[in-house]
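Now for the letters of each chain:
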Amino acid sequence: MRPFRAIARLSCVVLVALTWGIAHGQEALRTVQGTPAAVPADPAGPMWDMAKLSKPPQMWPADGFSAEGVKAVFFQGLPYQGRETRVFAWIGLPDVPAGTTVPGVVLIHGGGGTAFDSWVRRWTSRGYAAIAMDTCGCVPNGSYGRWERHDVGGPPGWGGWKQVDEPREDQWTYHAVADAILAHSLLRSMPEVDAGRTGLTGISWGGYLTCIVAGVDDRFKFAVPVYGCGFTNEHTFAGSVNGLGPEGGARWMRWWDPSVYLPDASMPMCWVTGSNDFAYTFNALQKSYRLPSGPRTLCIRLRMPHGHGEAGEGPKEIFAFADSVLQNGVSLPRLTGQGRDANQVWVTFESAAKITKAELNVTRDVGKWPDRKWEALPAQLDASGRVTATLPAGVTVYYLNLFDERDYVASTEHEEL
């Protein structure tokens, strides 16, 4: 792992009012009575100790919790405010013959969420071992966005805005990333799991965490951020970063923004999102997916809804991507090039499954990304593995989507005109 890099990118963006639980609480900057606490120092080396986190954590049964086809556990987390922590998780294994080892996946929930047993079953039904842990010191009692905290949980989420002046080891992102890595180590230690075939995916704030974990834990063979990305001071959460003040915001960006860690990610990554995501906008998304060194796939559907459940857990491209990396499955279409000559745009591709449709997605709007209206126009396929389209007048942004015979989508980068 390369040494911790310091970056600071601040821009003045007005915070959009958030209506979904991802911004749970929308914490304001903490004020301190009396003498201000000392500003916490940057780490001298890597933010997380992978030698320590790569060892399987101690695990205990989570008495009182049960769900079909999964096991409830607590595992040892990192210390928080000088005391030990335990992390709640669901673990599931597929029904396979004895002695068979299976691939594994780590599932990171987003804002308002917790460890979801139903998400684990989505993966076990497809032949994967899976673990879903709570990243906010809670257990799955309560309701969406109001889960019960337990006595030995870590810091609450999301974003850790209130915690920015606390010791870094007591801040939410530090613990949430460590929890995901420890869950990975625990899953890899199970005799039923092939430790050489594991991946991770996360939704919204969990996608944000996935971007960081992908750059920290190189044992993963794939990563799928859903919605989430880096450059937090350039998308909808910019106001929360800027609200920390110049020093606090710059420190948050140095410590906790995925843009710091994504350059160290080398595994294949698939970025799944929608054209009008209210939180993680196209500008920040593009800058994020250009940073990793490994292969990249984009799956950007028009107006994809934002949430847990079917919206963020269910896109079929996620499972196809995982199968192609870990189980020799048929891969998603691979885009080999794209370009534009005046108003003529093109993309070349390779695909094991037949490409049956291509669309030119355009908007003529400017302003806030979530508010822009998009439309899908036909694009032309030819037998040589090339798609072409003509941009209509007034287009401000465009990208192309290719669909194979399974209705799986692969997207080009967007271009602003």
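Quantities reported herein were computed from a predicted structural model and do not represent experimental measurements. (Residues numbered from 1 in each chain as written. Predicted model: local features only at pLDDT ≥ 70, side-chain atom pairs only at ≥ 80, totals over all residues. Heavy atoms only, no water.)

1. Focus on the sheet that holds strand 17 (residues 386–390)
Quick note on the threshold: By the convention used here, strands pair only if DSSP detects at least 2 bridges between them. In this text, helices come from DSSP runs of H or I with a minimum length of four residues, and strands from runs of E with a minimum of two, each type numbered from the N-terminal end. Comment: axis = line fitted to C-alpha atoms, over the contacting stretch for helices; angle = value between 0 and 180 degrees taken between N-to-C directions.
Strands sit in the order 12-13-17-16 across an open sheet of 4 strands; the sheet is antiparallel. Each edge of the sheet is formed by a strand with only one pairing partner; in this case those strands are strand 12 (334–341) and strand 16 (380–382). Between one strand and the next, the sheet's axes are offset by a mean angle of 20 degrees, whatever the strand orientation. Strand direction decides the pairing type here: strand 13 (residues 344–350) and strand 17, joined by 5 bridges, are antiparallel.

2. Some thoughts on the sheet that holds strand 9 (residues 222–226)
Read across the open sheet, the 9 strands follow the order 1-2-3-5-4-8-9-10-11; overall the sheet is mixed. The two strands at the open ends of the sheet, each matched to only one other strand, are strand 1 (59–61) and strand 11 (296–301). With strand direction ignored, the average angle separating the axes of adjacent strands in the sheet is 25 degrees. As defined by bridge partners, strand 2 (residues 71–76) adjoins strand 3 (residues 86–92) across 6 bridges and the pair is classed as antiparallel. Following the sheet pairing, Phe75 is matched in strand 3 by Val87.

3. Points about helix 6 (residues 245–256)
Note the following rule: What a helix should span is 1.5 Å times the count of its residues minus one. Per-residue accessibility, obtained with a 1.4 Å probe over protein chains only, is compared with the maximum for each type, and a residue is labelled buried under 20%, exposed over 50%, and partly exposed between these values.
Taking 1.5 Å of rise per residue, the 12 residues of helix 6 would be expected to cover 16 Å, and the 16 Å separating its terminal C-alpha atoms lies within 8% of that figure. Within the sequence span of helix 6, burial applies to Gly248, Gly249, Ala250, Arg251, Trp252, Met253, Arg254, Trp255 and Trp256.

4. Side note on the state of the cysteines
To keep things clear, this is the line we draw: Disulfides are defined in this document as cysteine sulfur pairs within 2.5 Å.
Under the counting rule described, the total for this entry stands at 0 disulfides. Not engaged in a disulfide, the cysteine Cys138 finds its nearest cysteine sulfur in Cys136; these two sulfurs lie 6.0 Å apart. No disulfide involves Cys299; its sulfur sits 3.7 Å from that of Cys270, the nearest cysteine. You can call Cys299 buried: its relative accessible area is 2%.

5. Notes on the pairing of strand 8 (residues 193–203)
How we decide: Handedness of a crossover is defined as follows: orient the strands so they point away from the viewer, and if the path from the first strand over the helix to the second runs clockwise, the crossover is right-handed.
Summarising the sheet, strand 4 (residues 102–108) and strand 8 pair through 6 bridges and their orientation is parallel. Each bridged residue has a counterpart across the sheet, and for Val106 the counterpart in strand 8 is Leu200. In the classification by handedness, the crossover that spans strand 8, the intervening helix 4 (residues 205–216) and the parallel strand 9 is right-handed.

From the geometry alone we can't say anything about function, so treat these as descriptive.
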